[in-house]
Amino acid sequence: MSVSTAAADQSVCAPLPVLGRDVTVPLVTGGEVAYAALDYAASAPALQRVWDDVAAYAPYYGSVHRGAGYLSQLSTDLFENARQTVAEFLDCRESDQVVFTRSTTDSLNLLAAALPAGCRVFVFEAEHHASLLPWTNAQVTYLDAPRTPDEAVATLERALADRDPYGPALVCVTGASNVTGELWPVRELAAASHAHGARIVLDAAQLAPHHPVSVRELDVDWVAFSGHKLYAPFGSGVLAGRADWLREAEPYLAGGGASRRVTRRQDGGVDVEWHETAARHEAGSPNVIGAYAIASACKALTEAGFDSLVARERHLIEKVRTGLAEVPEVRVLSLFGDDAPRVGVISFVVDGWNSSHFAAALSAEYGIGVRDGLFCAHPLVRTLLGSDPQTQGECGAPEAAPGEKSLNAIRVSFGAGTPDEHVERFLGAVKELVRDGARWNYRTEDGRCVPDTSA
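Residues numbered from 1 in each chain as written. Predicted model: local features only at pLDDT ≥ 70, side-chain atom pairs only at ≥ 80, totals over all residues. Heavy atoms only, no water.

J.: What am I meant to see in unusual backbone geometry here?
T.: Negative phi is the rule for most residues except glycine; trans is the rule for most peptide bonds. Residue Pro 165 is reached from Asp 164 by a cis peptide bond, and omega for that bond is 5°. When you line up the elements, Pro 165 lands in the loop between helix H5 (149-161) and strand E7 (169-174). In this structure, Phe 234 is a non-glycine residue whose phi angle is positive, near 85°. Of note, Phe 234 is situated in the loop between strand E9 (222-226) and strand E10 (237-241). (Helix = DSSP H or I, 4+ residues; strand = E, 2+ residues; numbered from the N terminus.)

J.: What is the right way to look at the sheet that holds strand E13 (residues 330-332) in this model?
T.: Pairing between sheet strands relies on hydrogen bonds along the backbone, with the strands arranged either parallel or antiparallel. Read from one edge of the open sheet, four strands run E13-E14-E17-E16, paired in antiparallel fashion. With one partner strand each, in any of the chains shown, E13 and strand E16 (371-373) form the two edges of the open sheet. The sheet shows a mean angle of 30° between the axes of neighbouring strands, direction not considered. Taken together, the three bridges between E13 and strand E14 (residues 345-350) define a ladder with antiparallel strand orientation. Bridge pairing in E14 places Val 332 opposite Phe 348. (Pairing = 2+ DSSP bridges. Axes fitted to C-alpha atoms, helices over the stretch in contact; angles between N-to-C directions.)

J.: Honestly, the side chain of Thr 85 in this entry has me stumped. Any pointers?
T.: Within the fold, Thr 85 resides in helix H2 (residues 70-89). By relative accessible area, Thr 85 is classed as buried at 13%. Apart from residues lying up to four places away in sequence, Thr 85 is in contact with Ala 295, Cys 298 and Lys 299. (Buried < 20%, exposed > 50% of the residue type's maximum accessible area, 1.4 Å probe, protein only. Contact = heavy atoms within 4.5 Å.)

J.: Just to check I follow, could you spell out the pattern of salt bridges for this structure?
T.: Two side chains with opposite charge may pair up if their charged atoms get near one another. A full pass over the atoms with the stated rule returns 24 salt bridges. Note that Asp 39 is salt-bridged to Arg 411, the shortest N-O span being 3.5 Å. Remark: Arg 411 occurs in strand E17 (residues 409-413) and Asp 39 occurs in the loop between strand E3 (36-37) and helix H1 (48-57); sequence separation between them is 372 residues. Assessed through its relative accessible area of 1%, Arg 411 is described here as buried. Arg 260 is paired through a salt bridge with Glu 273; the nearest N and O atoms lie 3.1 Å apart. Here Arg 260, found in strand E11 (residues 259-264), pairs with Glu 273, found in strand E12 (residues 270-274); they are 13 residues apart in sequence, far enough to count as distant. Where salt bridges share partners, they join Arg 312, Lys 319, Asp 420 and Glu 424 into one cluster. (Salt bridge = Lys/Arg side-chain N within 4 Å of Asp/Glu carboxyl O.)

J.: Hey, could you run me through the environment of Glu 182 in this one?
T.: Within the secondary structure layout, Glu 182 lies in the loop between E7 and helix H6 (186-195). Its relative accessible area of 0% is what places Glu 182 among the buried residues. Discounting residues that sit within four places of it in the chain, Glu 182 has contacts with Gly 175, Ala 176, Ser 177, Ser 334, Leu 335, Phe 336, Gly 337, Ala 340, Pro 341 and Arg 342. One polar contact links the side chain of Glu 182 to the main-chain amide nitrogen of Leu 335, over a distance of 3.0 Å. (Polar contact = N/O pair within 3.5 Å; in protein donor to acceptor, adjacent residues only side chain to side chain.)

J.: What should I look at first to understand the pairing of E10 in this one?
T.: For a regular strand, side-chain orientation follows a simple rule: the groups alternate between the two sheet faces. Buried residues dominate E10, accounting for five of its five residues. Both faces of E10 are covered, namely the face carrying Gly 237, Leu 239 and Gly 241 and the face carrying Val 238 and Ala 240. Alignment of strand E4 (residues 97-101) against E10, held across five bridges, turns out to be antiparallel. Among the inter-strand pairings, Thr 101 is bridged to a residue of E10, identified as Gly 237. Note that E9 and E10 share five bridges and pair antiparallel. Within E10, the position partnered with Trp 222 by the bridge is Gly 241.

J.: Hey, could you run me through the sheet that holds E4 in this one?
T.: Strand order in the open sheet formed by seven strands is E4-E10-E9-E8-E7-E5-E6, with mixed pairing between adjacent strands. On the outer flanks of this sheet lie E4 and strand E6 (139-143), each paired with one strand and no other. Each adjacent strand pair in this sheet contributes to an overall mean axis angle of 20°, direction not counted. Taken together, the three bridges between strand E8 (residues 199-203) and E9 define a ladder with parallel strand orientation. Bridge pairing links Leu 202 to Val 223 in E9. Sitting on the sheet, H2 is in contact with E4, E9 and E10, with an inclination near 115° to E4. Across the sheet, H5 touches strand E5 (120-124), E6 and E7, and the angle it forms with E5 is around 160°.

J.: Looking at this model, I keep getting lost on the packing of aromatic side chains. Mind explaining?
T.: Note on aromatic pairs: each is described by the distance of the centres and the angle between the planes. Counted according to the given criterion, the structure contains 11 aromatic pairs. Counting every residue linked through ring pairs, the aromatic cluster contains Tyr 57, Tyr 61 and Tyr 292. Lying over the aromatic face of Tyr 166, Arg 163 brings its terminal NZ or CZ to 3.9 Å of the ring centre. (Phe/Tyr/Trp six-rings, centres within 6.5 Å; stacked < 30°, edge-to-face > 60°. Lys NZ or Arg CZ within 6 Å of the ring centre and 35° of its normal.)

J.: Would you take a moment to explain the packing of helix H10 (residues 306-325) against helix H13 (residues 420-436) for this structure?
T.: Any two packed helices are characterised by how steeply their axes cross, that is the angle between the axes, and by the distance between the axes. Packing of H10 against H13 leaves a shortest axis separation of 10 Å and a crossing angle of 10°. The orientation of H10 with respect to H13, classified from their angle, is roughly parallel. Only Asp 420, Val 423, Glu 424, Phe 426, Leu 427, Val 430 and Lys 431 of H13 make contact with H10, whose side of the interface consists of Arg 312, His 315, Leu 316, Lys 319, Val 320, Gly 323 and Leu 324. (Parallel < 35°, antiparallel > 145°, perpendicular 65-115°, else oblique.)

Below, the structure is given as structure tokens:
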């Protein structure tokens, strides 16, 4: 069964068409301007292609794995076909499972719940909290943020070799930093993990939207990513990889869909036989629209061609980095240095500015959406800033005096849907703000920095 999609023959252009291109926002200085969405690392705008595909399917929406009716069967086929599309997008092995979750965070918490007894976990402090924090039921070794890719591999090898007892182990590593955008040496880290009897899970939340991810070539055991960063709305994620740990673990959630057979015992209790497929960890009615949206995004990016997408993004990265380098007060944050390969995620601080106020001015005075703070990667950002771990780093942080270190940072991020004009407006706004200062006063309200219009 299939659904005819309105976007099936849509031509691919650069930038790719996304929702929100025509949205205008008010400026505190008066008038409106087209919104420049430069916060892709948090949530990328939905591809028009994805939205059209979902809209075409919506009238046929039905329950999954639950009914004999036509719409239920159609929805079930779409859901399972989406699983196959994701497997192809990730170049999974034939024996791998694709489990649909709510997000990258949910995927990694699922894997954490499936760890075998006595499993040790090794994770760098450079990770997003989604991959730094789920391992509460295991013994965790937190590794310092490396300053070169080679140092990352050497640090991991030493830690794995020195573990005692020498039992099961899992390494969790990001593919691309959500703070610096820098690419990590995933293939080399996977080789080091396997050489020391460990498995590895790749957090590809920031990698998959920008670069092809091949489970086979990288030789990772699992990969996790989120639809909302892959230009697909509706809150779905993926955990794909080896089936054995997942098959042997208790279901992540207990309920319908995860169970194959439930019977009453004579003593009044209940016996449950759980599925051994991906359904074991997909209890409840699945988010078929979210899964279908992810599959549509996978197809759209594949058809657009990652070679051209990567080339165009490199052009934007170079433009942003060159423009920021022209402002002496700006310091770009980096672990691996200026020459490190990276995706379109760049964080920086501006001397003499509270980063939250700077970001608020970009929004209120220029209609530019960026992010400020510690980006759910507090240890890494504080390491890069050299700030006190006890210092508050969100919008409510004290104003940084001229010459002092900023207590948080600003992040600009972009991708396949970003037009050059948005990048150019951003760079012009940065230069104007540094040169002339903000045209408005800003204050903290409910944890956010907003224009102070009370005067």
